[in-house]
There are 2 protein chains.
Amino acid sequence: MRSSRVWQRPTLGAVAARAEVSTATVSNALNGTGRLSEATRQRVLAAARELGYAPASISRALARGGTGVLGLTMTTYGDLPVSYTEIPYYAQLSLSAIAAAHERGYLLMVMPCSLSPWMWLNTPLDGVIHVGPRADDPVRSLLRQRGIPMVSNGRPPQPHWGDVWVDTDYEAGLRLLLDHLTEAGARRIGLSLPLHDDEYPHLMERAYASWCAERELPALVEEYASVPDYFTAEQDAVRRLLDRDPRPDAVIGIYSDSGHNILAAARHHGLRVPQDLLVACVSEDPDYATTAPPVTTLSLRPDRVGDEAVDLLIALINARSGVHRHRLVQPVLAPRRSTRRPVRRGNVTP
Amino acid sequence: MRSSRVWQRPTLGAVAARAEVSTATVSNALNGTGRLSEATRQRVLAAARELGYAPASISRALARGGTGVLGLTMTTYGDLPVSYTEIPYYAQLSLSAIAAAHERGYLLMVMPCSLSPWMWLNTPLDGVIHVGPRADDPVRSLLRQRGIPMVSNGRPPQPHWGDVWVDTDYEAGLRLLLDHLTEAGARRIGLSLPLHDDEYPHLMERAYASWCAERELPALVEEYASVPDYFTAEQDAVRRLLDRDPRPDAVIGIYSDSGHNILAAARHHGLRVPQDLLVACVSEDPDYATTAPPVTTLSLRPDRVGDEAVDLLIALINARSGVHRHRLVQPVLAPRRSTRRPVRRGNVTP
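Residues numbered from 1 in each chain as written. Chains lettered and ligands numbered in written order. Predicted model: local features only at pLDDT ≥ 70, side-chain atom pairs only at ≥ 80, totals over all residues. Heavy atoms only, no water.

Undergrad: Provide a residue-level description of the overall build of chain A, including the pertinent values.
TA: Across its full length, chain A carries twelve helices and twelve strands. Out of the 350 residues in chain A, the part that is buried amounts to 57%. Within chain A, contacts between residues at least 6 apart in sequence are counted, and of these 68% link residues at least 24 apart. Roughly 14500 Å² of accessible area belongs to chain A as shown, and the carbon and sulfur atoms make up 52% of that amount. (Helix = DSSP H or I, 4+ residues; strand = E, 2+ residues; numbered from the N terminus. Buried < 20%, exposed > 50% of the residue type's maximum accessible area, 1.4 Å probe, protein only. Contact = heavy atoms within 4.5 Å. Areas by Shrake-Rupley, 256 points an atom, 1.4 Å probe, with all protein chains shown as cover.)

Here you go:
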């Protein structure tokens, strides 16, 4: 009795009625065409999502000479020993981008880190989301040669005129975390910093240095090689931080596994968290809710980034006007026990 | 100085040396060709992964008339109000399938639930992984018409000769969970069961009924409509279970949000978990590690399913011989506080 349900999709009219707009507006909103306010577009997308409406509009993309397929790739970490889809940030980014593409009638293909230039020149794609591009990334010039629309996740290091990107407000995020630590009483916050030619560690280091200078607090940085084994390398870097005299009262890391590495180094030094040391890292890994103790994390909101990047890429493909071509996503802090202000016995200061 | 790293991949020879095989064997293992033992293939894949080797062999697929692209789709739940990639089971399945495809030199595209038959007939694909197929699913007959190799995730309800699938041992999994509950003292285990034309609830119901019959324990089932709002519907079903006299001493659910729903119903009845009621569900959601109390879950191992399905599909595409065409993945139990045997004061029974 429910067997024909798969092909009984809600109609365009049902979406229009729910969003209180015309069917033409629904069509424009879902296809990224026409002149609509972003508020209206968002209302239509919300209505379509609520009703489970999935437009079969890829046929339209094909009709106008497109493929209906978007690509997403991360080429900077071609040297990673695991698939980037196993790292929580990229996993969430990929899944939200797939969902955002489907919602707008496109398909999205997650591409491997390493792909031959020949493939980049020949795989049929309407547009590409390029995650964490470097200035000299060969994929960028190949796609530019082909004239394929491109949205960067992260501001490209040396942006060209016309570059389009979704960026993350790393500086605001790091300040959120550092302010949280000072509120919990930290005055000597150490940073364990990966050496990598990606922009991300450099941006974080600069944001950290300027925050420390403003607050007149010491900048305590130990660097480590991010390949081939950043687990051991980061633990060593944190140990060097903890060997300093006076010792840091907090240590932060900027990679997903940094929290685990800092906890391991603290254990090795016989330090209790948070009593002797506050610990936090930038991560999307839900495991930090159940470590001993649970670790405070800064989320870079890859789900929002994926959604915005797809929206922007489709706008670009369809030459939609009135779209802001540089978008900024704000990180969010998840405070947990590892940064809870230690209760001091005896001389309590106000 | 590290700028050319992206294109400096480890060579085929390096993988061969690490796996202690010839380069021809590496090539066969990665492309799913030739006659190799599964043990050798797995050793080569492990070596390739450790070295970060990603073959650019899609060009080969193109050369032999293929596209190098696999599809993955889930059409049964076309009526879901959210993207299926937002559900932890499908999210993990999709990500592991993408990684497994890349590892073997293929691309994988996650397709939306609802796609027009026209699209299924025209999108270029070498093969498709079909998740949770129904007997009468139109996508199956369309793909069969097109002669596109297909692997089902889940044994199809009325298998054709030649059907290929990766199945999950639901019965063994459910028995694992039910035995765990009886070890914790449960004697009246209630099941909250969704009404859906998918095979999964029916398989679980049958496994539950036969386990109860064997143990001579009462089968306590309450059904609920799985659409449009299964949250409220399941909570109502659990309340009906808890209204029974005598009351169940444990309740289990088979969907990802069932644990949350059962906890909510228990709170409504003023029951403490696990003291008054044991609670568990089938889920991949990491959130259950941090609910109050943390909830015991049965994992169906979507990561393994995705990996096996891709491996099997590529074997099928390349007409690899000696491959077992029906594979079975074993669920795994994650016991947490919600099913810890309540400590009874006074009359302790051995």
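Undergrad: Give a detailed account of the pattern of salt bridges, specifying residues and quantitative values.
TA: Residue and element names in this part refer to chain B. Under the counting rule described, the total for this entry stands at 29 salt bridges over all chains. The closest approach of N and O atoms between Asp-163 and Arg-144, which form a salt bridge, is 3.7 Å. With Asp-163 in the loop between β4 (150-153) and β5 (165-168) and Arg-144 in helix α7 (residues 138-146), the pair connects residues that are 19 residues apart, well separated along the chain. For the salt bridge of Arg-301 with Asp-303, the shortest nitrogen-to-oxygen distance reads 3.1 Å. Assessed through its relative accessible area of 24%, Arg-301 is described here as partly exposed. Owing to a relative accessible area of 31%, Asp-303 belongs among the partly exposed residues under this scheme. Salt bridges here are not isolated pairs; linked through shared partners, they connect Glu-103, Arg-104, Arg-304, Asp-307, Glu-308, Asp-311 and Arg-327. (Salt bridge = Lys/Arg side-chain N within 4 Å of Asp/Glu carboxyl O.)

Undergrad: I'd like to hear about the packing of helix α5 (residues 88-103) of chain A against helix α12 (residues 302-317) of chain A, residue by residue, with values.
TA: To characterise two packed helices, one gives the angle between the axes of the helices and the distance between these axes. Residues and elements named next belong to chain A. Put simply, α5 and α12 touch, their axes get as near as 7 Å, and they point 40° apart. Taken together, the axes of α5 and α12 are oblique relative to one another. For the crossing formed where α5 meets α12, the hand is right-handed. Of α12, the residues touching α5 (which contributes Tyr-89, Gln-92, Leu-93, Ser-96, Ala-97, Ala-100 and Ala-101) are Pro-302, Asp-303, Val-305, Gly-306, Asp-307 and Val-310. (Axes fitted to C-alpha atoms, helices over the stretch in contact; angles between N-to-C directions. Parallel < 35°, antiparallel > 145°, perpendicular 65-115°, else oblique. Left-handed = near helix turned anticlockwise from the far one by under 90°.)

Undergrad: Residue-level account of the pairing of strand β4 (residues 150-153) of chain A, with values.
TA: Residue and element names in this part refer to chain A. Of the two faces of β4, the one lined by Met-150 and Ser-152 and the one lined by Val-151 and Asn-153 are each fully buried. Alignment of strand β3 (residues 127-131) against β4, held across four bridges, turns out to be parallel. By the bridge assignment for β4, Ile-129 is matched with Val-151. Between β3 and its parallel partner β4, the chain crosses via helix α7 (residues 138-146), and the hand of that crossover is right-handed. (Pairing = 2+ DSSP bridges. Right-handed = clockwise from strand over helix to strand, strands pointing away.)

Undergrad: Before we move on, could you go through the sheet that holds strand β9 (residues 278-282) of chain A and cite the residues and values that matter?
TA: Residues and elements named next belong to chain A. Strands sit in the order β7-β6-β8-β9-β10-β12 across an open sheet of six strands; the sheet is mixed. Edge positions in the sheet fall to β7 (220-225) and β12 (332-334), since each of these pairs with one other strand and no more. Across the sheet, the axes of successive neighbouring strands diverge by a mean angle of 20°, strand direction being ignored. Inspection of the sheet shows strand β6 (residues 189-195) paired to strand β8 (residues 250-253) by four bridges, in the parallel sense. Following the sheet pairing, Ile-189 is matched in β8 by Ala-250. In the packing of helix α9 (residues 199-215) onto the sheet, the strands contacted are β6, β7 and β9, and the crossing angle to β6 comes to about 160°.

Undergrad: Tell me about the domain arrangement of chain A, and please be specific about residues and values.
TA: It is common to give the size of an interface as the accessible area lost on bringing the parts into contact. Residues and elements named next belong to chain A. What the domain assignment reports for chain A is domain 1 (1-55), domain 2 (59-168 + 303-330) and domain 3 (170-300 + 334-339). With centres defined by C-alpha atoms, the gap from domain 2 to domain 3 works out at 30 Å. Between domain 2 and domain 3, the residue contacts involve 14 residues of the former and twelve residues of the latter. Note on domain 2 versus domain 3: buried area summed over both sides is about 1200 Å², and carbon and sulfur give 56% of it. (Domains from an automatic or database assignment. Buried area = accessible area lost by both parts, 1.4 Å probe.)

Undergrad: Run through the environment of Gly-105 of chain B, naming residues and quoting values.
TA: Residues and elements named next belong to chain B. With respect to the helices, strands and loops of the structure, Gly-105 is situated in the loop between α5 (88-103) and β2 (107-110). Among the residues examined, Gly-105 registers a relative accessible area of 4% and is labelled buried. In this structure, the C-alpha to C-alpha distance between Gly-105 and Leu-30, residues 75 residues apart in sequence, is 7.1 Å.

Undergrad: Tell me about the environment of Ser-256 of chain A, residues and numbers included.
TA: All names here are of chain A. As for its placement among the helices and strands, Ser-256 is situated in the loop between β8 and α11 (258-268). Put simply, Ser-256 and Ser-283 are 27 residues apart on the chain and 4.4 Å apart in space, counted from C-alpha to C-alpha. Polar side-chain contacts of Ser-256 include one of 3.1 Å to the side chain of Ser-283. (Polar contact = N/O pair within 3.5 Å; in protein donor to acceptor, adjacent residues only side chain to side chain.)

Undergrad: Summarise unusual backbone geometry; cite the residues concerned and give the values.
TA: A cis amide bond links Val-273 of chain A with the next residue in sequence, Pro-274 of chain A, at an omega value of 5°. Within the fold, Pro-274 of chain A resides in the loop between α11 and β9. Residue Pro-293 of chain B is bonded to the preceding Ala-292 of chain B through a cis peptide linkage, with omega at -5°. Relative to the elements of secondary structure, Pro-293 of chain B occurs in the loop between β9 (278-282) and β10 (296-299). The phi angle at Glu-20 of chain A is positive, at roughly 60°, despite the residue not being glycine.

Undergrad: So, the nonpolar core: which residues are in play, and what are the values?
TA: Residues Leu-108, Ile-252 and Val-310 of chain A together with Leu-108, Ile-252 and Val-310 of chain B are the most contacted members of the largest nonpolar core, which totals 150 residues. Apart from residues no more than four positions distant in its own chain, Val-310 of chain A is found in contact with Leu-70, Ala-97, Ala-100, Ala-101, Arg-104, Leu-108 and Ile-129 of chain A. Ranked by size, the runner-up nonpolar core spans 24 residues in total, among them Leu-107, Met-109 and Val-128 of chain A together with Val-69 of chain B. (Core = buried A, V, L, I, M, F, W, Y, C linked by side-chain atoms within 4.5 Å.)

Undergrad: Lay out the side chain of Thr-25 of chain B with the relevant residues and their values.
TA: Residues and elements named next belong to chain B. If you trace the backbone, Thr-25 turns up in helix α2 (residues 23-31). Exposure remark for Thr-25: the relative accessible area of 16% places this residue in the buried category. A polar atom in the side chain of Thr-25 sits 2.9 Å from the side chain of Ser-22. Residue contacts for Thr-25: discarding those within four places in its chain leaves Leu-36 and Thr-40.

Undergrad: So, the pairing of β5 of chain B: which residues are in play, and what are the values?
TA: All names here are of chain B. Side chains of β5 alternate between two faces, with Trp-165 and Asp-167 and Val-166 and Thr-168 buried alike. Relative to β5, β4 is paired through two bridges, and the arrangement is parallel. Opposite Ser-152, over in β5, you have Trp-165 as the bridge partner. Strand direction decides the pairing type here: β5 and strand β11 (residues 326-329), joined by four bridges, are parallel. Residue pairing in the sheet places Thr-168 in a bridge with Val-329 of β11.

Undergrad: Describe the side chain of Asp-126 of chain B, with residues and values.
TA: On the secondary structure map, Asp-126 of chain B appears in the loop between α6 (117-122) and β3 (127-131). At 2.6 Å, the side chain of Asp-126 of chain B forms a polar contact with the backbone nitrogen of Thr-67 of chain B.

Undergrad: Quick one: what's the story with the confidence of the model for chain A, residue by residue and with numbers?
TA: Residues and elements named next belong to chain A. Confidence in the prediction for chain A averages 85 pLDDT; 86% of positions are at 70 or higher. Contacts for the low-pLDDT stretch residues 1-9, under 50 throughout, to residues beyond four places or in other chains number 27 contacts. Our summary of model confidence lists the complex with pTM equal to 0.78 and ipTM equal to 0.74. (pLDDT = per-residue confidence, 0-100.)

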